[in-house]
Amino acid sequence: MKKSRWSGEYAVPTPTADLLSTYKDNEVRADARWKGHGVEISATVKTVKKNAMDSIFAVLGTGRGVEAVTAHCEVSDRYAERVATWNKGDKVTVRAEVKGMILGAVILGECEPVE
């Protein structure tokens with residue numbers, strides 16, 4: 001079994017809608033509340049892709065249609081096989097560090113799928 005990045009660290013269970021709507025309403029307030037902290041969210045997969053650097057990321061949301069703000073979950077290669085099984089519309093739970101917001105996306109670093 002792979003060692004969890006979150007072993008011994010606390011990831012706060014956070015409603016996905018709260019995280020995304022707070023960033024949508026006021027990025028400064030959201031950063032003060034979450035940036036640099038671990039969260040555990042249950043969300044709906046919008047897509048799984050690779051960026052220009054060939055790094056894996058999943059776009060996650062609330063599952064409520066078109067969303068102005070989504071979460072971009074950076075996934076390490078060690079979880080590649082796991083996220084390769086994710087499909088649009090799947091419900092997933094991840095633990096991650098909130099890194100802030102870039103161009104309408106809440107960036108979640110070091111995402112770890114929860115069993």
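This write-up is about the structure you can find in this document. (Residues numbered from 1 in each chain as written. Predicted model: local features only at pLDDT ≥ 70, side-chain atom pairs only at ≥ 80, totals over all residues. Heavy atoms only, no water.)

### A closer look at the state of the cysteines
The test is simple: The definition used for a disulfide is geometric: two cysteine sulfur atoms within 2.5 Å. Only DSSP runs of H or I covering at least 4 residues are called helices, and only runs of E covering at least 2 are called strands; the numbering of each starts at the N terminus. Exposure categories follow from relative accessible area, calculated using a 1.4 Å probe and restricted to protein chains: below 20% of the type maximum is buried, above 50% is exposed, and the middle band is partly exposed.
Taken as a whole and assessed by the stated rule, the structure comprises one disulfide. Between Cys-73 and Cys-111 runs a disulfide, and the two sulfur atoms are separated by 1.9 Å. Separated by 38 residues along the polypeptide, Cys-73 in strand S4 (residues 70-75) and Cys-111 in strand S6 (residues 105-113) bring together distant segments of the chain. Note on Cys-111: relative accessible area 2%, which makes it buried.

### A short note on the nonpolar core
Note on soluble globular proteins: their nonpolar side chains tend to be buried together. Short version of the rule: Put simply, a nonpolar core is a bunch of buried Ala, Val, Leu, Ile, Met, Phe, Trp, Tyr and Cys residues held in one set by side-chain atoms that sit within 4.5 Å of each other. Residue contacts are defined here by distance: any two heavy atoms, one from each residue, within 4.5 Å place the two residues in contact.
One finds Leu-19, Tyr-23, Ile-41, Leu-60, Val-98, Val-106 and Leu-108 to be the most contacted residues of the largest nonpolar core, which totals 27 residues. When residues of this core are traced back to their parent elements, those giving at least two are helix H1 (16-25), helix H2 (27-34), strand S2 (38-50), strand S3 (56-61), S4, strand S5 (91-102) and S6. Top element by residues in this core is S5. It accounts for five residues. When neighbours within four sequence positions are excluded, Leu-60 is seen to be in contact with Ile-41, Ala-43, Thr-44, Val-45, Lys-46, Thr-70, Ala-71, Cys-73, Val-92 and Val-94.

### A few points about the pairing of S5
Put simply, the rule reads: Two strands qualify as a pair provided that DSSP identifies no fewer than 2 bridges between them.
Pairing geometry for S2 and S5, over seven bridges, is antiparallel. Note on S5: the bridge partner recorded for Gly-38 is Glu-97. Inspection of the sheet shows S5 paired to S6 by seven bridges, in the antiparallel sense. Paired with Arg-95 across the two strands is Glu-112, which belongs to S6.

In short, the description is geometric, and any link to function would need to be established separately.
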